[in-house]
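# What the coordinates show
Okay, here's what each chain looks like letter by letter:
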Amino acid sequence: MGLLVTAGVTPPGIELCGDSKLLEEAVIPLAKILIENNPRTGNFGALVRIFLGRTKELKISTECQDQLFIWQAHNALFMIRCLLKVFISEMTEEELHQQFSYQERAPGSCDTGREDLLEELMCNLVHLVVEVPLLDITYSILFEAVTTMLVLLSYQLFHKEILRDGLIYQYLMKERCVSLTSRLVKTLLYNFIRQEKCPPPATHIFDQQSDGGGLLYGLASGVASGLWSVFTLGGASSKPGLEQEQNPLPLSNQSLLLLLVLANLTDGPNDCPNPYRQAVTCFKNTQDTSSIPTEQHHTFQINFNSLYTALCEQQRSDQATLLLYTLLHQNTNMRNYMLSRTDMENLVVPILEILYHVEDRNSHHVYMALIILLILTEDDTFNRSIHEVVLKNITWYSERQLTEISLGSLLILVVIRTIQYNMTRTRDKYLHTNCLAALANMSAQFRCLHQYAAQRIISLFALLSKKHNKVLEQATQSLRGPRGADDSSVLPDYAQDLNVIEEVIRMMLEIINSCLSNSLHHNPNLVYALLYKRELFEQFRTHPSFQDIMQNLDTVIGFFSQRLEAAGTDLSVERVQEVIMKGAQALPNDRLKKFPELKFKYVEEDQPEDFFIPYVWSLVFNSGVGLHWSTTNIQLFSMDSA
């Protein structure tokens, strides 16, 4: 069985313009035949050697604009990737390693090659990605190299437990790959930053030579063009342009996915840190002239402004939001840079849109967006500055027309809406806790709250109060009613519900109190809303869980109520606001009891890889361009969570 990769090959029965999923499915029976024959023929190893032989001259070929040579290397790698994908779903890493070692031999011979072709392939892929510049003629092979690395790492998909070792992992942690860690991470980040669209079909790249270019040249051009349309954009669609709209940036998307996979690999044996995560967590701004500490390994410099802009523009995708979370949480340099920006609205508003459209987002994306807000609100400067940024015409907020509102008030509205959605739909305590923590962090810095934001704060308290009364009534009825042998769990359930709702009410009271204690004179609209719904707070005045915190609210309500009574009856809204404004200046600070400052800090749980590795691979499964896995053998996550 000979090999011909000079011009590329197409699996039988698949048209060049066919769907990439159909192409991958057609490869499966061919790959299984290859698995059966490979111990005798060594064809797979020969194919890998052909590719490795070409990678040594790719950089020179790029400089010489030798497009044909590049496409030959690309076609070989494309075939390797398609075969590897089937191999990995069918065999263990040890069996895969064996497929690389077979060489053509005479009957009765049992010699196998001694060189580690699998390691050579992985190291050459890393080298290719960092060495070959991104141009129109190299776009496809760079995309294929990144995609093949993802495929090689995809063993994790077929294991329920988190993989902490293995051949592929060991290759990535050896010196040959580790020495290129910072360059690889930097290249993947710049691929994401550049957001390069895939170039025109190769027929436009391969300029026809004046003499016609010869049969081989034309064949290579045509086949390469067809394959490119198949694996980058999914081929022909029943709706022209649909796939182009869905995956207009295949290299950017694939590079980001690979970066997230590498950064979330587990640490090595003996607590040896993951070098790719180290690179992600310590890189610096190109404008930072300070020296790099010697103890920091795998660090490099990158343009923070360009990275910030790309992050702002790409928050529609889970993977961009996950990268933003990773940088905010783990890279101090990048976090400080983001918090110093004077255009934070460009980053925060897309995050708020994710939360606002919670019904259309998966739960992980919502969690990441919410944790990003929580991390941002840990910074007092951020909490102050968001109330100074005025936004106009927030078209995606449909409950009410917002022609002009501060970023801070908008953030409060969206977080409160998320809490209310969670109360009626998902009932997720984790979501509640993080929403309330973000509001609590901001509460002392509330400034000039929009009238609607102030109303929604009190409306949320009203909703919680109503729910509290309902649960309390149900608990009381359960005590009065007859209880059979099977009803032993009813009372503890109500007690637990009541405990949870009282914790949330306590937090809301603390948030309102924090605002009143620290910035009452800056928030007349909140005082107005508080007075308008003062009866809501009556039942909690003598409640043992809320007595202490209710003292300040009672003081504020009593003080302003007296001033309004003194101002007369039938007061207009404007007159009430005027009385409140003057009263806020007159209320002595010492009248309000001081409570500890509300401050919450996000901390990752123990063994975060149990959450992040399945999440990252679910993104690869759902968003990888030109990658289609059968759901049958996926064990890392359920299809529902994916």
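Values in this document were obtained by computation on a predicted structure and should not be read as measured data. (Residues numbered from 1 in each chain as written. Predicted model: local features only at pLDDT ≥ 70, side-chain atom pairs only at ≥ 80, totals over all residues. Heavy atoms only, no water.)

Counting residues in each nonpolar core, the largest one holds 213 residues, and the members touching the most others are L84, F87, Y397, L410, I457 and F537. Top element by residues in this core is helix α4 (residues 67–90). It accounts for 14 residues. Contacts of Y397, omitting those with residues within four sequence positions, involve Y356, L402, L410, L413, V414 and Y452. (Core = buried A, V, L, I, M, F, W, Y, C linked by side-chain atoms within 4.5 Å. Buried < 20%, exposed > 50% of the residue type's maximum accessible area, 1.4 Å probe, protein only. Helix = DSSP H or I, 4+ residues; strand = E, 2+ residues; numbered from the N terminus. Contact = heavy atoms within 4.5 Å.)

What follows deals with helix α17 (residues 318–330). Counted at 1.5 Å a residue, the expected span for α17 with its 13 residues is 18 Å, and the 18 Å between its end C-alpha atoms agrees. Counting buried positions over the 13 residues of α17 gives eleven, a clear majority of the element. Where α17 is concerned, the buried positions are D318, Q319, A320, T321, L322, L323, L324, Y325, T326, L327 and L328. (Expected span 1.5 Å × (residues − 1).)

A word on the side chain of T321. Following the sequence through the fold, T321 ends up in helix α17. Separated by 2.8 Å, the side chains of T321 and Q315 make a polar contact. Residues in contact with T321, not counting those within four places in the same chain, are Q315, I351, I354, H365, M368, A369 and I372. (Polar contact = N/O pair within 3.5 Å; in protein donor to acceptor, adjacent residues only side chain to side chain.)

A few words now on the packing of helix α1 (residues 20–41) against α4. Relative to each other, α1 and α4 sit at 75°, their axes nearing to 9 Å. As the angle between them shows, α1 and α4 are arranged roughly perpendicular. Contacts from L23, E24, V27, I28, A31, K32, L34 and I35 of α1 reach α4 at F78, R81, C82, L83, K85, V86, F87 and E90. Residues that form the contact of α1 with α4 fall into these classes: eleven nonpolar, no polar and five charged. (Axes fitted to C-alpha atoms, helices over the stretch in contact; angles between N-to-C directions. Parallel < 35°, antiparallel > 145°, perpendicular 65-115°, else oblique. Nonpolar A, V, L, I, M, F, W, Y, C, P; charged D, E, K, R; others polar.)

Time to look at the pattern of salt bridges. Under the criterion given, the structure shown has 24 salt bridges. Put simply, D380 and K599 hold a salt bridge, and the shortest N to O gap is 2.8 Å. Residue D380 is found in helix α21 (residues 380–385), and its partner K599 is found in the loop between α28 (573–586) and α29 (609–623); the two are separated by 219 residues along the sequence. Taking the relative accessible area as the measure of exposure, K599 reaches 35% and is therefore partly exposed. Of the charged contacts, one joins E510 and R506 as a salt bridge, the two residues approaching to 3.0 Å between their closest N and O atoms. In this pair, E510 and R506 are both assigned in helix α25 (residues 490–519), four residues apart and thus about one turn of the helix distant. Several salt bridges converge on common partners, so that one network encompasses E24, R81, K85 and E144. (Salt bridge = Lys/Arg side-chain N within 4 Å of Asp/Glu carboxyl O.)

Let's shift gears to the side chain of D343. Relative to the assigned elements, D343 resides in the loop between α18 (332–340) and α19 (345–356). Within polar-contact distance, the side chain of D343 engages the side chain of R341 at 3.0 Å.

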